[in-house]
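# Descriptive analysis of the structure
Each chain, written out:
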Amino acid sequence: MKNITSVENFKEMIDAPTIAMFTAGWCPDCHFIKPALPEIEASHPDYQFVSIDRDELMDLAVEYDVMGIPSFIAFKDGQEIGRFVSKDRKTKEEINAFIDAL
């Protein structure tokens, strides 16, 4: 998973099919799902996966109306095509189901 460090870098990346994970270092649910991410990525080779630290790129989080984390947003051709956000801790199975349904 590539770490996004600038808004410009993010805008370039989302032209290709992308799953963006908005996260933060202090987020316990983000740390919970982190060990499963390599397997999730391997299950979906048609997507590139990127990680955005919401606290470091707050402008991007505001632009995409990201309130809760972790949030998963899917993009294709620069446009949002799906979003998986819930107040509950996300599981590997739920994330895979979200991506499979895109």
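Here we summarise the structure given alongside this text. Everything numeric in this text was worked out from a predicted model, so none of it was measured.

### With respect to the overall build of the protein chain
Broken down by element type, the protein chain carries five helices and five strands. Going from N to C terminus, the protein chain has its helices and strands arranged as β-α-β-α-α-β-α-β-β-α. Taking 2.2 N^0.38 as the reference for a compact globule, 102 residues should give roughly 13 Å; the C-alpha atoms of the protein chain span a radius of gyration of 12 Å, in line with that estimate. Overall, the protein chain is about 30 × 30 × 20 Å in size when its C-alpha atoms are taken along their principal axes. Expressed as a percentage of the 102 residues in the protein chain, the buried residues total 44%. Pairs at least 24 residues apart make up 71% of the contacts formed inside the protein chain by residues separated by at least 6 positions. Looking at the protein chain as shown, the accessible area adds up to about 5600 Å², and 51% of this sits on carbon and sulfur atoms. Here the protein chain holds 10 positive side-chain charges and 19 negative ones, and the gap between their average locations is 4 Å.

### Looking at the sheet that holds strand β5 (residues 79–84)
Pairing is mixed across the open sheet formed by five strands, whose spatial order is β1-β3-β2-β4-β5. Strand pairing shows two members of the sheet lacking a second neighbour, β1 (2–3) and β5, which therefore form its edges. Pairing of strand β4 (residues 71–76) with β5, which is carried by five bridges, proceeds in the antiparallel orientation. Of the residues in β5, the one forming a bridge with Lys76 is Gln79. Lying on the sheet, helix α5 (residues 92–100) is in contact with β2 (18–23), β3 (48–53), β4 and β5; it crosses β5 at an angle near 150°.

### Concerning the pairing of β4
Sheet faces and side chains relate simply in a regular strand, where the side chains alternate between the two faces. β4 sits mainly inside the fold: five of its six residues count as buried. Across five bridges, β2 lies against β4 in antiparallel orientation. Counted as the bridge partner of Ala20 is Ile73 from β4. Hairpin connection between β4 and β5: a loop of two residues separates the two successive antiparallel strands, and Asp77 in this loop has a positive phi of roughly 55°.

### Examining the nonpolar core
Formed by 33 residues in total, the largest nonpolar core has its most connected members in Phe10, Phe22, Ile52, Tyr64, Phe72 and Ile99. At the level of elements, α1 (7–13), β2, α2 (28–33), α3 (37–43), β3, α4 (58–63), β4 and α5 are the ones that each hand at least two residues to this core. Beyond its immediate sequence surroundings of up to four residues, Phe22 is in contact with Ile52, Leu60, Ala61, Val66, Ile69, Pro70, Ser71 and Ile73.

### Description of the pattern of salt bridges
With the rule as written, the count across this model stands at five salt bridges. Of the charged contacts in the structure, one is a salt bridge between Arg83 and Glu80, with a shortest N-O distance of 2.9 Å. The class of Glu80 is partly exposed, set by a relative accessible area of 38%.

### What to know about the environment of His44
Within the fold, His44 resides in the loop between α3 and β3. Here His44 falls in the buried class, since its relative accessible area comes to 8%. As for His44 and Ile19, which are separated by 25 residues in sequence, their C-alpha atoms are 9.8 Å apart. Contacts of His44, omitting those with residues within four sequence positions, involve Phe49, Asn96, Ile99 and Asp100.

Rules behind the numbers
Residues numbered from 1 in each chain as written. Predicted model: local features only at pLDDT ≥ 70, side-chain atom pairs only at ≥ 80, totals over all residues. Heavy atoms only, no water. Helix = DSSP H or I, 4+ residues; strand = E, 2+ residues; numbered from the N terminus. Rg over C-alpha atoms; globule rule 2.2 N^0.38 Å. Buried < 20%, exposed > 50% of the residue type's maximum accessible area, 1.4 Å probe, protein only. Contact = heavy atoms within 4.5 Å. Areas by Shrake-Rupley, 256 points an atom, 1.4 Å probe, with all protein chains shown as cover. Lys, Arg positive; Asp, Glu negative; His and termini not counted. Charge placed at Lys NZ, Arg CZ, Asp CG, Glu CD. Pairing = 2+ DSSP bridges. Axes fitted to C-alpha atoms, helices over the stretch in contact; angles between N-to-C directions. Core = buried A, V, L, I, M, F, W, Y, C linked by side-chain atoms within 4.5 Å. Salt bridge = Lys/Arg side-chain N within 4 Å of Asp/Glu carboxyl O.

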